[in-house]
Amino acid sequence: MADTSVNYKCPSCSAPLAYTPGSGSKIKCEFCESEFTVDELEQYYAAKEASAAAAQKTKDTKIEKKEAELIEAGGQWGSDEIAMLKAMVCSSCGAEIVCDNNTLATECVYCGNPVMVPGRYESQLRPDTVIPFQTTKADAKKAFSDYHKGKWLLPSNFASQSRVEAIQGMYVPYWLFNQSVEADGEFEATNSRYYTDGDYDVTETDHYRVTRGGTMDFVNVPVDGSVKMDDTWMESIEPFNYSQLVPFNTSYMAGFLADRYDVTAEEALPNAESRIKESTESVLYNSVDGYDTCSTTAFHMDKLNGDVQYAMAPVWILTTRYQDKPFTFVMNGQTGKLVGELPVDENKAKMYGAAAWLITLPITYFICKWIVLIITEAMMD
Amino acid sequence: MRKLLTVFMSLLLMLALTVPVMAGADSFPAGNLLAQTTTNQKDPKAIGQIKLPADLGMVSLFDMENLLKPDQQQALMRKLVTIEQKYNVRVVVMTVPKDAQTGSESGIKKFADETLNRNYRDEANNNGSIMMVVCPSARKWAVTTDNNMRERITDENGFPAIRDSFMSDLKDNDYNGAFNAYADKVDELLAYYEKEGEPWDPANEFSFLGLILGALISAGIAYLFVSHLRGNMSNVRHVSEANEYLNRDSVNISRQSDVFLHTTRTVTKRAKSDNSSSSSGRSSSNGGGSGSY
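Residues numbered from 1 in each chain as written. Chains lettered and ligands numbered in written order. Predicted model: local features only at pLDDT ≥ 70, side-chain atom pairs only at ≥ 80, totals over all residues.

Engineer: Explain the overall build of chain B here, please?
Structural biologist: For chain B, the count of helices and strands is 7 helices and 9 strands. Considering only contacts within chain B whose residues lie at least 6 apart along the sequence, 66% involve residues at least 24 apart. (Helix = DSSP H or I, 4+ residues; strand = E, 2+ residues; numbered from the N terminus. Contact = placed C-beta atoms within 7 Å.)

Engineer: How should the overall build of chain A be read in this particular structure?
Structural biologist: Scanning chain A from N- to C-terminus turns up 7 helices and 15 strands. Evaluated residue by residue, chain A yields a buried proportion of 36% over its 381 residues. Long-range contacts, defined as pairs at least 24 residues apart, comprise 72% of the intrachain contacts of chain A with a sequence gap of at least 6. (Buried ≥ 20, exposed ≤ 12 C-beta atoms within 10 Å, placed from the backbone.)

Engineer: Explanation requested: the packing of helix α2 (residues 70-87) of chain B against helix α6 (residues 175-196) of chain B in the structure shown.
Structural biologist: Each pair of packed helices gets described by two things: the angle between the helix axes and the distance between those axes. Residue and element names in this part refer to chain B. Between α2 and α6, whose axes approach to 10 Å, the crossing angle comes to 15°. With respect to their mutual orientation, α2 and α6 come out roughly parallel. Helix-helix and strand crossings are classified by hand; for α2 and α6 the assignment is left-handed. For the pair α2 and α6, the contacting residues are Gln72, Leu76, Lys79, Leu80, Ile83 and Tyr87 in the first and Asn176, Phe179, Asn180, Ala183, Val186, Asp187, Leu190 and Glu194 in the second. (Axes fitted to C-alpha atoms, helices over the stretch in contact; angles between N-to-C directions. Parallel < 35°, antiparallel > 145°, perpendicular 65-115°, else oblique. Left-handed = near helix turned anticlockwise from the far one by under 90°.)

Engineer: Sorry if this is basic, but what is going on with the confidence of the model for chain B here?
Structural biologist: Interpretation of the predicted coordinates at a detailed level should be avoided for regions scoring low in pLDDT. All names here are of chain B. Mean pLDDT for chain B: 83, with 79% of residues reaching 70 or above. Note on residues 12-42: pLDDT is under 50 here. Beyond four places in sequence and across chains, it has 29 contacts. If you check the scores for this complex, the pTM reads 0.64 and the ipTM reads 0.77. (pLDDT = per-residue confidence, 0-100.)

Engineer: Before we go on, may I ask you to explain helix α6 (residues 265-286) of chain A in this structure?
Structural biologist: Here α6(A) is 22 residues long and its end C-alpha atoms lie 31 Å apart, about the 32 Å a rise of 1.5 Å per residue gives. Among the residues making up α6(A), those that are buried are A:Ala268, A:Ala272, A:Glu273, A:Arg275, A:Ile276, A:Ser279, A:Thr280, A:Val283 and A:Leu284. Where the residues of α6(A) are buried, they touch β9 (163-197), β10 (200-224) and β13 (293-322) of chain A together with β7 (246-269) of chain B. (Expected span 1.5 Å × (residues − 1).)

Engineer: I would appreciate a short explanation of the interface of chain A and chain B in the present structure.
Structural biologist: Many authors give the size of an interface as the accessible area that is lost as the parts come together. At the junction of the two partners, chain A supplies 60 residues and chain B supplies 57 residues. Among the secondary structure elements, those contributing two or more residues to the side of chain A that touches chain B are β10, α5 (231-236), α6, β15 (338-340) and α7 (346-380) of chain A. At 22 residues, the largest contribution of residues to the side of chain A that touches chain B is made by β10(A). Counted by class, the side of chain A that touches chain B contains 27 nonpolar, 17 polar and 16 charged residues. (Nonpolar A, V, L, I, M, F, W, Y, C, P; charged D, E, K, R; others polar.)

Engineer: So what exactly am I meant to see when it comes to the environment of A:Thr129 here?
Structural biologist: One can find A:Thr129 in strand β8 (residues 129-130). If we skip the residues at most four places from it in the chain, A:Thr129 touches A:Leu245, A:Val246, A:Pro247, A:Phe248, A:Gln309 and A:Ala311.

Engineer: It is not clear to me how the packing of helix α5 (residues 158-171) of chain B against α6(B) should be interpreted in this structure. Could you clarify?
Structural biologist: All names here are of chain B. The interhelical angle for the contact between α5 and α6, taken along N-to-C directions, is 160°, at an axis separation of 8 Å. Compared by their axis directions, α5 and α6 come out roughly antiparallel. α6 is crossed by α5, and the crossing has right-handed handedness. For the pair formed by α5 and α6, the contact residues are Gly158, Ala161, Ile162, Ser165, Phe166, Asp169 and Leu170 on the first element and Gly177, Ala178, Ala181, Tyr182, Lys185, Val186 and Leu189 on the second. A breakdown of the residues in the contact of α5 with α6 according to their chemical character gives 9 nonpolar, 3 polar and 2 charged.

Engineer: What should I look at first to understand helix α7 (residues 208-232) of chain B in this one?
Structural biologist: An α-helix turns once every 3.6 residues. As a result, residues three or four positions apart point the same way. Given a rise of 1.5 Å per residue, 25 residues ought to cover 36 Å, and the 36 Å separating the end C-alpha atoms of α7(B) matches this to within 8%. Among the residues of α7(B), B:Gly210, B:Gly214, B:Ser218, B:Ala222 and B:Val226 are the ones counted as buried.

Engineer: What am I meant to see in the pairing of strand β6 (residues 103-107) of chain A here?
Structural biologist: The side chains of a regular strand alternate between the sheet's two faces. All names here are of chain A. Buried residues dominate β6, accounting for 4 of its 5 residues. In the sheet, β6 pairs with strand β12 (residues 257-259) via 2 bridges, with the strands oriented antiparallel. Across the sheet, alanine 105 pairs through a bridge with alanine 258, a residue of β12. The turn joining β6 and strand β7 (residues 114-116), which pair antiparallel and follow one another in sequence, is formed by 6 residues; a positive phi near 80° is taken by glycine 112. (Pairing = 2+ DSSP bridges.)

Engineer: Explain the pairing of β10(A) here, please?
Structural biologist: The pairing of β9(A) with β10(A) spans 23 bridges and is classified as antiparallel. Looking across to β10(A), one finds that A:Thr196 is bridged to A:Asp201. Linkage of β9(A) to β10(A), two consecutive antiparallel strands, is achieved through a turn of 2 residues, within which A:Gly198 is found at a positive phi near 65°. Here 18 bridges tie β10(A) to β7(B), and the two strands are oriented antiparallel to one another. Paired with A:Asp217 across the bridge in β7(B) is B:Asn247.

Engineer: Sorry if this is basic, but what is going on with unusual backbone geometry here?
Structural biologist: Negative phi values dominate among residues other than glycine, just as trans dominates among peptide bonds. The amide bond that connects A:Glu238 to the next residue, A:Pro239, takes the cis arrangement and shows omega of 0°. Along the chain, the position of A:Pro239 falls in the loop between α5 and β11 (246-247). With a phi angle near 65°, A:Glu33 is a residue other than glycine that sits in the positive phi range. Note on placement: A:Glu33 falls in the loop between β2 (26-28) and β3 (35-37). Among the residues examined, A:Glu33 registers 10 C-beta atoms within 10 Å and is labelled exposed. Here the phi dihedral of B:Asn173 falls at roughly 60°; this positive angle occurs in a residue that is not glycine. Looking at the element boundaries, B:Asn173 is found in the loop between α5 and α6.

See below:
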């Protein structure tokens, strides 16, 4: 039976191959230390992927028949759920691997070998570019332990009792929007003068209508293309360093999970436009100078040239469990920026609140007493 | 016979004990409870156009304008003398007619300073002197202190407290109330000095309102502090702009105009003090101040 998946194995010793973060465009076998470029490997495995894709297609037809039987039999899987599933056989150990329709790369749960899902990089589904991983699992662990240091409200036993359940490297699909814009803004600005005239305080304020207009370019504004990944979390790990953006090659996926996009570029565009609009307005606003106050009264932006590219960005996902509650942290696989939400010890929060109240009370009491004295004297006068 | 001798000896002993007490009372000026009506005016001294008795220093109340009834005079004199004996000080009240000097704030202060210095100042032997002078026809007042008294009743804090104690009564022409309020406040400030060893300062007083306000502000600060700590527990933030991805070199502001529209003018009348006023009029030798009511 033909393989329905592709394991990246060393052409020299057949050991599993995985991309080593930060190794540029080379992949080195950890066992025999042979080195290959990503292009060589892609070429080497292209035929295998095509063969696996054909075998998978045959298998999918069989699965569809099986699905119909399951639905008729009133099985536990719904038709939508079954349609989302993808089954293939690990070419290394022969075990059946089940993943969803968006999975591009995964690992065999039985033998741990990295597995590429064939036929997912065809035509428009193939990413244009990829930012290879620059940080390792060890970096992610260290970033996590550094992150919860110095957090005053962290439960005292979090460090000892929290258990890192999984650290998984994953390529997340991103849409990178390039957009030139033309914008015009209208602002109301004022300048004020203060002086005394006899028994009167006089304030004179000059009002101006200020307009600013021009063009500017935004390069590679990222919007994540995965429904699974929360937009806010993905925004939090920005920015990525685009100088390390390279043309897509499946070899970079080896050893990591990867999903294809399930949010289209059209669906992601409003998010990018909203961000571009805010920054454009900010640029025009900041170009107004020489005034005491300035407020925006009107703003209009037109899009000029623009394009979009499909990219894969590296992310480490750490899952921990503390007191039976899961906590997830996400780290930018390129820059090492880690984001997440730590648990809060409510007793510590109350204690610090009370301490802050007690420490500041003598100071605020004397300040308030002083103010009360001044006001009282002013009223008596 | 022996009984008669015992009674005679007892009388002699009582006499011997009584004489020094009377003599002491005569020798201590604070013991003289003389008002203007009973003052010896055989040897008058003049300050400005006002003639004052030579033995003015013997009295603590000199009501030239007869603002107080006899019973009010008696009661006030008792109060002043009690304070004087209690703290070894001179506490004087005087009312004067209007003349070129007492008709102005600075003039009445100068009059008060000179009167105090000539008749009551005795810093080597007492703890200080304080005098309140009121000219009802000019509606002017002054309070003056010598340097010993300034250590106990400071110009910065004690004098304003005394002034505030009697001003409302003066404005209402309640002179008896004003003089008694003055005496009570002097008593209170001297008692504070005796007890604490330092002059009264409102900054040292407990302020309930200050405590309530301070507690509320501290609660706000504590809330903000804990909110900040809570905020540190998560660094997941929505990003609403794309500043990181702006090509700064591409920014081309090609259209700009600044058009003057109009000028607005806001005029606010500066706060003015009411019809009563006071000034410090302090010198190196005298403290206190004066004012109108």
